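Summary of structural features
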Amino acid sequence: MGEGWGEGENLHSPSPQPLSRKGRGAHDASHTIALGMTSAIPHLRESLRAARAALQADFSARPHPKRYLRAHAQQVDTHLRALWQAMPPTLALVAVGGYGRGELYPHSDIDLLILLPQQADDALRERLQTLVGAMWDIGLEVGHSVRTVVECLEESADITVQTNLLEARFLSGSRALFNDMREALAARMNRRDFYLAKASEQHNRHARYRDTDFNLEPNLKESPGGLRDLQTVLWISRASSLGANWNQLAKHDLLTQEEARAIARCETLLQTLRIHLHYVAGRREDRLLFDYQTAVAEHMRITASATLRASETMMRRYYRAKRAALTLSSILLQNLHARLFPEDTQMRPLNERFIARGNRLEAREDDLFARDPSAMLENFLLLEQHPDLTGLTTPTLRALWRELPRIDAAFRRDPRNRELFMRILRQPRGITHALRRMHYTGVLGRYIPAFGRITGQMQHDLFHVYTVDEHILMVVRNLRRFALDRHAREHPLCNRLMREFARPEALYLAGLFHDIAKGRGGDHSALGKIDAARFCQQHNLTREDRELVAWLVAQHLYFSRTAQTRDLTDPDVIAEFSANIPNERHLVALYLLTVADIQGTNPKIWNAWKSQLMESLFLAAQRYMAGDTHADSAAEIRAHVAEKIGADLAPEIREMFWAQLDTPYFLQHDADEIAWHTRLLASHLNASAPLVNARPAPGGEGLQVMVYCPDQPFLFARICTFFARLRYNIAEARIHVTHHGYALDSFLVLSAERMADDEAIHRIERELAQQIARAERLPAPPTGRADRQLRHFPITPEIHIEANGKNGYRLSLIAGDTPGLLARVARVLAQHRIDLFSARINTLGARAEDVLYIRGATLAQPEKVEALREELLRQMG
């Protein structure tokens, strides 16, 4: 058992009773080998369990991630060697991947290579199968491959295999065979090709995570700035014989000593988080989900402050560390590229202060930023003006970091710097990239201190999925995209409006400031308005644009709230909304900011229905503000629909049907929908069986569903329960009762799981009609697991009931979006004899913000209204 132990001697165990050559575990393992592999399993399993428990206790008491990772690898080495003793000495057992590095997380796979001198015969294959089974039996989750040296060379054409073998570490068996493999792989290694392959791999991985980079539930390993980025640098440097750790890279002048210490600190935090995460999850888990954040923070002994939860403090540390790791790894990759590709560093002058070196921008003199601090902003302007340049060279980036403290109050007051910042926002291209570069280098947070304060700030409102700073930059990015032809098909109206919008920098500033006051306490819109007005004044915007930016920040939620909670077919709603918009430029700007804001909140929230809703409000308000305040009368709408129907239906049949409908019906549906209803129902005016018809929604997402039947108690609740059981979300509902007692209800339903295909349509039409016809006892609303975010960030339900003028009452509710919520609310309303005639259902992630328009004598009696409120709160809780 002694051979091969030398490879593991540098692995130090923090365990109070480490398994070492002279320790109890190794002695027990040696003693049990004589009993045979099978008889040794129980003892080895208990030995490994005890060793891991001791490691966990030691890490909890003295969290030193590198010591833990090495010690865990050493414990596994010991137990694998004990099992290996029964194998032929001509074979080699090799650790590869992360385990080969000597780093093993609590629940990571143990990657092994069993190296053969030649192809295995049947007897050897059986022995190897028994060996691998024994590894699993003692508690080692191994991933293994069995190869000869020739096969390793063949497989190394795959960059993943080549990377795994790069970190191969001898464990036991034939060291000569292991050395043969290492020498053959080293001779095969092409450093430049390996760099290009790993750099491309990283670029593609970053692209996959681009929209989730600063997600509130990040991947500690794969996200940009995560552990994989740091490993990629070390893989390249190891393959290039330039060092296998940060100190060695510093000795090769790829890092300064200060940078080596900084990247080591980032790595330590990421490793600590991942170890704790594995223990909290009880399995291999690299996503720092909400489910684990509080427990991980507790494990790290982070305490809450007056303004931040412990988990929020932890996540802020993480986001700052990952940003630093991203920048430092970028420096290293750039320096490695310069070493491996020296011919790619040709120089060309740009102006008297800057040159282009290869595809990067470089200051002509190292002390430029110290002598002329304004050049720190100028370099971002030059990157915009020269899109062939991909960033700053390492010397310039280091100089920028060194001189960041010069961006102070005096710097911010300097008219030249204010002019440079506005020139950055006024460039025809590259604005988003410039702002992101300024953010990652720390320049943006120093130039706009309020932005620096929200860097890495969490948002626990159940619909934002990014940190505040990242959300803000996403909103600005979306505004920029509206102006680009390649995105015109996504938002044709936004594209046209943005291209016609004069001085769009006002919109970008509104995007930068709209959420900048979050976390201060108070109304972030009102506080942000003050910041925005001051900034615009200091940067010499015209009075018109100063007022516009401040107004947009203060009112940035007004458009979406109106569109998603009010009845847009009501002319009074459009008149009231338009009265609060100063002019058409304000309307266009607010519409563009609203669409960009919603899309930058959570990619899952935006859909075709919301798009149509926002566009409908914009066009209606635009017509009203242009002087077209005339709302079509019911008679005019009927005439328009009759024209659409034409000869498809006899006029007398059509008029007989319409005679049963009241005026609100014609005012609350568009002509196309009325024509659809009329064609289907006019010949079935007194149908005894329910009629259900569905079609793809004109907006391109979801289904329009029409229900026509003799009215019955709990009909709306029954329909809501039906859709909830099929996992459809009701986005909009309009409820009508004809003069002769028939219900004519219209729904827009959405599903993230089902396409609006013929099969879905036929199922809804058939099964919903059957349930209504049976009129059995109302089934219980479906139950199910609530969104996991609600378990960690519950919403206190809110109910508001207020008179709605001539249209009865408005019931507004806010609650966690639990399964069957709307069905439970509908049941309560029916039990209190309250009629619902319209509904706007707004789901924002795990948060429901619904508005129901209701009527009923109960609503005029305060004590009954209070009873209704209490019952609704019970159902929503």
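Structure first, text after, so check above.
Conventions and cut-offs
Residues numbered from 1 in each chain as written. Predicted model: local features only at pLDDT ≥ 70, side-chain atom pairs only at ≥ 80, totals over all residues. Heavy atoms only, no water. Pairing = 2+ DSSP bridges. Helix = DSSP H or I, 4+ residues; strand = E, 2+ residues; numbered from the N terminus. Axes fitted to C-alpha atoms, helices over the stretch in contact; angles between N-to-C directions. Core = buried A, V, L, I, M, F, W, Y, C linked by side-chain atoms within 4.5 Å. Buried < 20%, exposed > 50% of the residue type's maximum accessible area, 1.4 Å probe, protein only. Contact = heavy atoms within 4.5 Å. Phe/Tyr/Trp six-rings, centres within 6.5 Å; stacked < 30°, edge-to-face > 60°. Salt bridge = Lys/Arg side-chain N within 4 Å of Asp/Glu carboxyl O. Disulfide = S-S within 2.5 Å.

1. A short note on the sheet that holds strand β3 (residues 142–148)
The strands that make up a sheet pair up through hydrogen bonds in the backbone, lying either parallel or antiparallel. Here 4 strands make up an open sheet; going across it, the order is β3-β2-β1-β4 and the pairing mixed. Every interior strand has two partners, whereas the edge strands, β3 and β4 (169–173), have only one. Here the average twist between neighbouring strands, direction ignored, is 25°. With 7 bridges joining them, strand β2 (residues 110–116) and β3 adopt parallel strand pairing. Bridge pairing in β3 links Leu 112 to His 144.

2. Digging into the nonpolar core
Phe 421, Leu 479, Leu 509, Tyr 591 and Leu 592 are the most contacted members of the largest nonpolar core, which has 99 residues in total. Of the residues forming this core, the biggest block, 10 residues, is contributed by helix α30 (residues 584–599). Discounting chain neighbours no more than four positions away, the residues touching Tyr 591 are Leu 493, Cys 494, Leu 497, Phe 559, Met 614, Glu 615 and Phe 618. Within the second largest apolar cluster, 59 residues are counted, among which are Leu 55, Ala 250, Leu 333 and Leu 340.

3. Considerations on the sheet that holds strand β7 (residues 360–363)
Reading across from one edge, β5-β6-β7 is the order of the 3 strands in this open sheet, with antiparallel pairing throughout. Only two strands of the sheet have a single neighbouring strand rather than two, namely β5 (347–349) and β7. Going from strand to strand, the sheet's axes swing by 35° on average, the running direction of each strand aside. Strands in contact with helix α16 (residues 375–385) are β6 (354–357) and β7; relative to β6, the strand with the most contacts, it is inclined by about 45°.

4. Some thoughts on helix α39 (residues 821–831)
Burial of α39 is extensive: 9 of the 11 residues sit out of reach of the surface. Residues of α39 that are buried: Leu 821, Leu 822, Ala 823, Arg 824, Val 825, Ala 826, Arg 827, Val 828 and Leu 829. Check the buried side of α39 and you find it contacts α36 (715–725), β10 (729–737), β13 (809–816), β14 (835–840), β16 (847–855) and α40 (862–876). Count one or two residues on from α39 and you reach Arg 833, which has phi positive near 55°.

5. A word on the packing of aromatic side chains
Describing an aromatic ring pair means giving the distance of the ring centres and the angle of the ring planes. Per the counting criterion, the structure on display carries 23 aromatic pairs. Relative to Tyr 591, the ring of Phe 559 lies with its centre 5.7 Å away and its plane at 50°, an arrangement referred to as tilted. One end of the pair, Phe 559, is in helix α28 (residues 558–565); the other, Tyr 591, is in helix α30, with 32 residues separating them in the sequence. The exposure class assigned to Phe 559 is buried, which follows from its relative accessible area of 0%. What makes Tyr 591 buried here is its relative accessible area of 3%. Judged by centre distance (6.3 Å) and plane angle (75°), the rings of Phe 723 and Tyr 728 are edge-to-face. Residue class for Phe 723 comes out buried when judged on its relative accessible area of 0%. Take Tyr 728: its relative accessible area is 7%, and that puts it in the buried class. Members of the aromatic cluster, joined through ring pairs, are Phe 411, Phe 421, Tyr 447, Phe 513 and Phe 535.

6. A closer look at the pattern of salt bridges
In this structure the tally under the stated criterion is 55 salt bridges. For Asp 531, the salt bridge identified is with Arg 534, shortest N-O distance 3.5 Å. Here the residue Asp 531 and the residue Arg 534 both occupy positions in helix α26 (residues 524–538), the gap between them amounting to 3 residues, near one helical turn. We classify Asp 531 as buried; its relative accessible area is 13%. Judged by its relative accessible area of 44%, Arg 534 is partly exposed. The partner of Glu 547 in a salt bridge is Arg 543, with the nearest N and O atoms 3.1 Å apart. Of the two residues, Glu 547 and Arg 543 both sit in helix α27 (residues 543–555), 4 residues apart, roughly one turn of that helix. Looking at Glu 547, the relative accessible area reads 44%, which means it is partly exposed. Residue class for Arg 543 comes out exposed when judged on its relative accessible area of 59%. Through salt bridges that share partners, Asp 109, Arg 274, Arg 284 and Asp 286 make up one connected network.

7. Considering the environment of Leu 750
Within the secondary structure, Leu 750 sits in strand β11 (residues 742–750). Taking the C-alpha atoms as reference points, Leu 750 and Ser 60, 690 residues apart in sequence, are found 47 Å from one another. Beyond its immediate sequence surroundings of up to four residues, Leu 750 is in contact with Asn 607, Trp 609, Glu 701, Gly 702, Tyr 728, Asn 729 and Ala 731.

8. A closer look at the state of the cysteines
Summed over all chains, the structure comprises 0 disulfides. With no disulfide of its own, Cys 720 lies closest to Cys 709 among cysteine sulfurs, the gap being 14 Å.

9. Some words on the pairing of strand β1 (residues 92–95)
Side chains of β1 alternate between two faces, with Ala 92 and Val 94 and Leu 93 and Ala 95 buried alike. Strand direction decides the pairing type here: β1 and β4, joined by 4 bridges, are antiparallel. By the bridge assignment for β4, Ala 95 is matched with Arg 169. For β1 and β2, the ladder comprises 4 bridges, and the chain directions are antiparallel.

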